[in-house]
Amino acid sequence: MDPGASSSIERRPTRRIMVGDVPVGGGSPVTVQSMTITKTADVDGTLAQIYALAAAGADIVRCTCNETEAAEGLARIVPRSPVPIVADIHHQYKMALAALEAGVACLRLNPGNIRRPEHIKTVAMEAKDRGVPIRIGVNGGSLDPKLYEKYGGKVTPEAMVESAQMELAYFEEVDFTDVKISVKASNVPLMIEAYRQLADVTDFPLHLGVTEAGPLPGGYIKATAGIATLLAEGIGDTIRYSLTADPVEEARAGRQLLEAMGLRERKGVDLIACPSCGRAEVDVIGVAEAAQKAFGERQIPLQVAVMGCVVNGPGEARDADLGIAAGNKRGHLFVKGENVAVVPEDEMVDTLVEWADYIVEHGTEAALERARHTKAEAKKAAAEDRARNLGDRGDDANDSEAVVELIRKTI
Ligand code: SF4
C-alpha cells in the first residue's frame, strides 16, 4: 500500500514482480500504466510522449514492438526513459526476443496470436535468463480461435481464464513464473467476471483494463466502471485506461481513480465544486474550470472547494483544506470551514491558488494564523452576504414551491 494512501479496501494477496524498479503486486501500491501512440521507431517523439505520460501519473509505459525499427527504437528509448518500458508483442515472437535485447523491463504477450508452444517457451526462457517479467495479456477480441469454438463461438469469462492458464502452463514447463495477467474485454460485465474468476484461481498480480473503452466521456465511464468495481473488491495490482484520446488522459484518469479510491497518496489538487443551483451567485462551472486550469498538474495535495453561494457553500465544504464561496460579487475564502478573507469576484481563482501554495509551504495552522487580522471581518462579511442571499431568495432558491403551486392549479 502507498504509505500516504487512505483506503480501507482489503487487497487480494498476490505475488510481487518487478517491472524495472516498479513493484507490481504483493501489497505494493497499485500502479498506473499507459501506452504510447507514436511509432516506436520515432525515438524523440516517443520519448516526449513517455515524459508527458510520466508527468500525468503513469508509473509504467508500454510501447509497441511490431517491427525491427521499433525494436531498434526501444534500444534507444529504454536508457532515456523516466519510467520502465513494456514492449507490446503480437504475432511475432521474434519481436519479443528483439525487445528483450533492447533492454525492456517487461513484455506483453497476447496468447491469442502467439500460439506455437515452442515460440512461447523460447521467449519465456530468454525472459527468465534476463530477469524480465511477462504480462499474459488475454484480450476478448483476439481470443485463440480454438477456445472460441470450445465455448460455443462466444467469448466467455471461462474462455478468457482458460487462455491465460494455458499460457501459464507453457511458462511453468520452463520454470518461468515472473508473470502478471490481464483478461481484458470491451464488455464491462464480461471483463469484471473474467477477472473475478481469474482472481479465484491464481495469485499472480493482475493488470486491469477495459479494452477499447472508446472516446471520451463514454470511455472514462466504461473503464472506471470495470476497473473501480474490481479494485473495490481488492482485485487488481496495476491498471490501464484504454481510451481513444490523447494517452495523457489515460495516465491522468488512472492516477485520479487511484487517488479518489484512496489507493494512492494524493499528489495533485482534489478540486471539489458544488453543482450550482438557483441560489448560486457566480458562474460555478466557469470558476471551477478556471481553477482546474490554474492548478493544472501542479503537485498541491489539498482538497480545494469552489462553491456557488455563501449560504450553504462553506458548511458543505467545511472538510476541504481550502475553499471559496460566492456572495454579493465577492469571494468568501475559508480554510477548514473558517472564514479567512474576502476578495473581489474576479480574484477568486488567483486567491485560491495563492492560499493553496501558502498552505502547502507553511501548513493549515500557519494559514489560519496568517488570517488573524482579517478573520473577524471575513466572518462578518460572510454573515451579511448569507443574510442578503436568504433575504433575496428565501429558503426556496430554486422556486420549487412556486412550481408546486402552479402544478396544483393546473390539475
Ligand atoms: S446551495 Fe449554494 S453551494 Fe449548494 S449547490 Fe446551490 S449554489 Fe452551490
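Just so we're clear, the structure is a prediction, and the values are computed from it rather than from any experiment.

The next point concerns the domain arrangement of the protein chain. We note that the domain assignment places domain 1 (17–260) and domain 2 (270–393) within the protein chain. Centre-to-centre, using C-alpha coordinates, domain 1 lies 42 Å away from domain 2.

The next point concerns the site of the ligand. Close to the ligand lie 13 residues, the nearest being Cys274, Cys277, Ala280, Gly308 and Cys309. Tallied by class, residues from the shell around the ligand come to seven nonpolar, four polar and two charged.

On to the packing of helix α3 (residues 93–102) against helix α4 (residues 117–130), then. For the pair α3 and α4, interaxial distance at closest approach is 9 Å and the crossing angle is 10°. Judged by the inter-axis angle, α3 sits roughly parallel to α4. Facing α3, whose interface residues are Tyr93, Ala96, Leu97 and Leu100, α4 presents His119, Thr122, Val123, Glu126, Ala127 and Arg130. Residue composition of the contact of α3 with α4, by class: six nonpolar, two polar and two charged.

Once that is clear, we can look at the sheet that holds strand β15 (residues 338–344). Pairing between the strands of a sheet comes from backbone hydrogen bonds, and it takes one of two forms, parallel or antiparallel. The mixed open sheet is built from five strands, whose spatial order is β11-β12-β13-β14-β15. Looking at the sheet topology across the chains shown, the edges are occupied by β11 (270–273) and β15. Averaged over all pairs of adjacent strands, the angle between strand axes in this sheet comes to 20°, irrespective of strand direction. Running at roughly 175° to β11, helix α10 (residues 284–295) makes contact with β11 and β12 (303–307) of the sheet. Across the sheet, helix α12 (residues 348–362) is in contact with β12, β13 (322–327), β14 (330–335) and β15; its angle to β13 comes to roughly 160°.

In the segment running from Leu216 into Pro217, the intervening peptide bond is cis, with an omega of 0°. Tracing the sequence through the fold places Pro217 in the loop between β9 (207–208) and α8 (218–232). Of note in this structure, Asp175 is not a glycine but carries a positive phi near 60°. With respect to the secondary-structure elements, Asp175 resides in the loop between α6 (157–173) and β8 (179–184). Asp175 sits in the exposed class, given 9 other C-beta atoms within 10 Å. Phi is positive for Glu212, close to 50°, though the residue is something other than glycine. Turning to its location among the elements, Glu212 is positioned in the loop between β9 and α8. You can call Glu212 partly exposed: it has 18 C-beta atoms within 10 Å.

With 15 residues, α8 ought to run about 21 Å at 1.5 Å a step, and its terminal C-alpha atoms sit 21 Å apart, in line with that. Those residues of α8 lying buried are Gly219, Tyr220, Lys222, Ala223, Thr224, Gly226, Ile227, Leu230 and Leu231. Structurally, α8 contributes buried residues whose contacts are with α7 (188–201), β9, β10 (238–240) and α9 (247–260). At the C-terminal side of α8, Gly234 shows a positive phi close to 90°.

So, on to the UniProt feature "binding site: [4Fe-4S] cluster" (unreviewed entry) in the protein chain. Within this structure's numbering, the places UniProt gives as "binding site: [4Fe-4S] cluster" (unreviewed entry) are Cys274, Cys277, Cys309 and Glu316. These residues run over 43 residues, yet every pair of their C-alpha atoms falls within 14.0 Å of each other. Among the secondary structure elements, Cys274 is positioned in the loop between β11 and α10. Taking the number of C-beta atoms within 10 Å as the measure of exposure, Cys274 has 20 and is therefore buried. Among residues more than four places away in sequence, those in contact with Cys274 are Val284, Met307, Gly308, Gly313 and Glu316.

Next up on the list: the sheet that holds strand β7 (residues 134–139). Taken in spatial order, the eight strands make up an open sheet running β8-β7-β6-β5-β4-β3-β10-β9, and their pairing is parallel. The sheet terminates laterally at β8 and β9, the two strands that pair on one side only. Across four bridges, the pairing between strand β4 (residues 60–64) and strand β5 (residues 85–89) is parallel. By the bridge assignment, Val61 is partnered in β5 with Ile85. Those strands touched by α3 are β5 and β6 (106–109), and its axis lies near 165° from that of β5.

One finds Cys65, Leu74, Ala87, Ala99, Val104, Leu107 and Tyr195 to be the most contacted residues of the largest nonpolar core, which totals 80 residues. Here this core takes seven residues from α7, the largest share from any one element. Beyond its immediate chain neighbours, meaning those up to four positions away, Tyr195 contacts Val183, Leu206, Leu208, Leu230 and Ile235. Core analysis: the second largest hydrophobic core is formed by 40 residues, Cys309, Val310, Ala326 and Ala367 among them.

Reading the values: rules and limits
- Residues numbered from 1 in each chain as written.
- Predicted model: local features only at pLDDT ≥ 70, side-chain atom pairs only at ≥ 80, totals over all residues.
- Domains from an automatic or database assignment.
- Near = placed C-beta within 6 Å.
- Nonpolar A, V, L, I, M, F, W, Y, C, P; charged D, E, K, R; others polar.
- Axes fitted to C-alpha atoms, helices over the stretch in contact; angles between N-to-C directions.
- Helix = DSSP H or I, 4+ residues; strand = E, 2+ residues; numbered from the N terminus.
- Parallel < 35°, antiparallel > 145°, perpendicular 65-115°, else oblique.
- Contact = placed C-beta atoms within 7 Å.
- Pairing = 2+ DSSP bridges.
- Buried ≥ 20, exposed ≤ 12 C-beta atoms within 10 Å, placed from the backbone.
- Expected span 1.5 Å × (residues − 1).
- UniProt positions renumbered as here; feature names shortened; annotations may be inferred.
- Core = buried A, V, L, I, M, F, W, Y, C linked by C-beta atoms within 7 Å.

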